[in-house]
Every structure is written in C-alpha cells, then in structure tokens.
Amino acid sequence: MTTRTWKVAGLLFFSGASALVYQTVWLRQFRLIFGASTWATGAVLAIFMGGLGAGSALLGRRADTKEHPLAWYARLELLIAGAASVSPLLVWLVAKVYFASGGSPALGIAGATLLRLALATLVLGPATLLMGGTLPAASRAVETEEDAGRRSVAVLYGINTLGAVAGTLLSTVLLLERLGNRAT
C-alpha cells in the first residue's frame, strides 16, 4: 500500500464520519417534523441512500475523466460543506410547508409519504448526491495498474466505513447530547 493511499484513506475516514454525523442530525430533525413513524424514517433514509447511489453513478463517471481526481474530491467536499450549511434553513422551510399541509391526518399515508420524500429530497438531495461522488473520486486518485486486485480501493472503502461508524458513535454519544441538533 502506498503512502498516498493511506493519506487519502485518512481523508475518507473523516468524510465518512462527517456524512454519518449529518445523517444522524438530519434524521433527528426530520423526526421532529415528520414524526418517528416507520414511513417518515424510511422516507429520509431512502433519500439519503438514494442520493449516495445516484451521486456515485453520476459523479463517479466524471471522476474517471478528471486529470486530477483528488482535486475533484476536494471540490466535492467543499460543495458538501456548502450544501450542509444551508440545510438548517431548508429544514426550517420544510417544517413550515409540512405543518401547513396538515401531515398524515390531512394527506393520508400515501400523500404524506410523497410529500415527505419531496421535502427530504430538497434538504438531503444536493449534499448526498455530492457525497456519493467522493469515494469514486478518491478511489480514482489511488488506482494504479500495479494494483490489479484493487487493494487500495478496498482500503479506502473500509476506512470510509470505519469513519461512518465513528461518526455515528460520535454524534449519538457525545455531540447531540452536549450540543443538540443545530450545533452538532
């Protein structure tokens, strides 16, 4: 494994941690708006995971065309930070719209679920789409012809997953307890 792989893996550890801190906070924020039902939680998780998958498919192809994929990765991370920074305002707007709609009692399960999906997409879509492109960009930065087994990419994926676990633990055990949703 090259030194470059381990440096990029360090970036992906923190990227994974940040992504899961965001997800945990967004899920808690949406539970305050949509309720803690299975339908509401499922809508938020579907948008989060769907955004990651779509971002990987769309932005991963772009990473393959970049001469400097690590610079592309850095741009994606900066755009994620920007998208995440406007999410509190968007969550506030979503709350106003959802409460004005009357939620499940007024719309029924199907109508409320469709509205939840649309509103969650407004908040989560941009950031998660960008998040989905980070692993392909970082992977492209460490791929070499000598690494036919793609061990470097496997290391990145594993370290990113460890970061996600760390982010989940950090947010649920420490940050949310001490700082609350907004400050976290």
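(A) Inspection of the overall build of the protein chain at higher detail. Along its length, the protein chain carries six helices and zero strands. Traced from its N-terminal end to its C-terminal end, the protein chain shows the element sequence α-α-α-α-α-α. By the compact-globule yardstick of 16 Å for 184 residues, the protein chain fits well, its C-alpha radius of gyration being 18 Å. The buried share among the 184 residues of the protein chain stands at 43%. Counted over contacts in the protein chain with a minimum sequence separation of 6, partners at least 24 positions apart contribute 80%.

(B) Here's a closer look at the layout of surface pockets. Of the volumes computed, that of the largest pocket is approximately 480 Å³. Where the lining of the largest pocket is concerned, the elements lending two or more residues are helix 1 (3-34), helix 2 (38-65), helix 3 (69-101), helix 4 (103-132), helix 5 (134-142) and helix 6 (151-183). Top contributing element to the lining of the largest pocket by residue count: helix 1, with seven residues. Taken together, the residues of the lining of the largest pocket sort by class into 12 nonpolar, 10 polar and one charged. A volume near 360 Å³ is recorded for the second largest pocket.

(C) Summary view of the packing of helix 1 against helix 4. It is at 12 Å that the axes of helix 1 and helix 4 come closest, and there the two elements cross at 175°. Relative to helix 4, the element helix 1 is oriented roughly antiparallel. Where helix 1 abuts helix 4, its residues Ala19, Tyr22, Trp26, Phe30 and Phe34 lie against Arg116, Leu119, Ala120, Val123, Leu124, Ala127, Thr128 and Met131.

Definitions and limits used
- Residues numbered from 1 in each chain as written.
- Predicted model: local features only at pLDDT ≥ 70, side-chain atom pairs only at ≥ 80, totals over all residues.
- Heavy atoms only, no water.
- Helix = DSSP H or I, 4+ residues; strand = E, 2+ residues; numbered from the N terminus.
- Rg over C-alpha atoms; globule rule 2.2 N^0.38 Å.
- Buried < 20%, exposed > 50% of the residue type's maximum accessible area, 1.4 Å probe, protein only.
- Contact = heavy atoms within 4.5 Å.
- 1 Å grid on protein atoms, 1.4 Å probe; cavity = no way out; pocket = protein on both sides within 12 Å on 5 of 7 lines; lining within 4 Å.
- Points joined across faces, edges and corners; volume = space filled by probe spheres on them.
- Nonpolar A, V, L, I, M, F, W, Y, C, P; charged D, E, K, R; others polar.
- Axes fitted to C-alpha atoms, helices over the stretch in contact; angles between N-to-C directions.
- Parallel < 35°, antiparallel > 145°, perpendicular 65-115°, else oblique.

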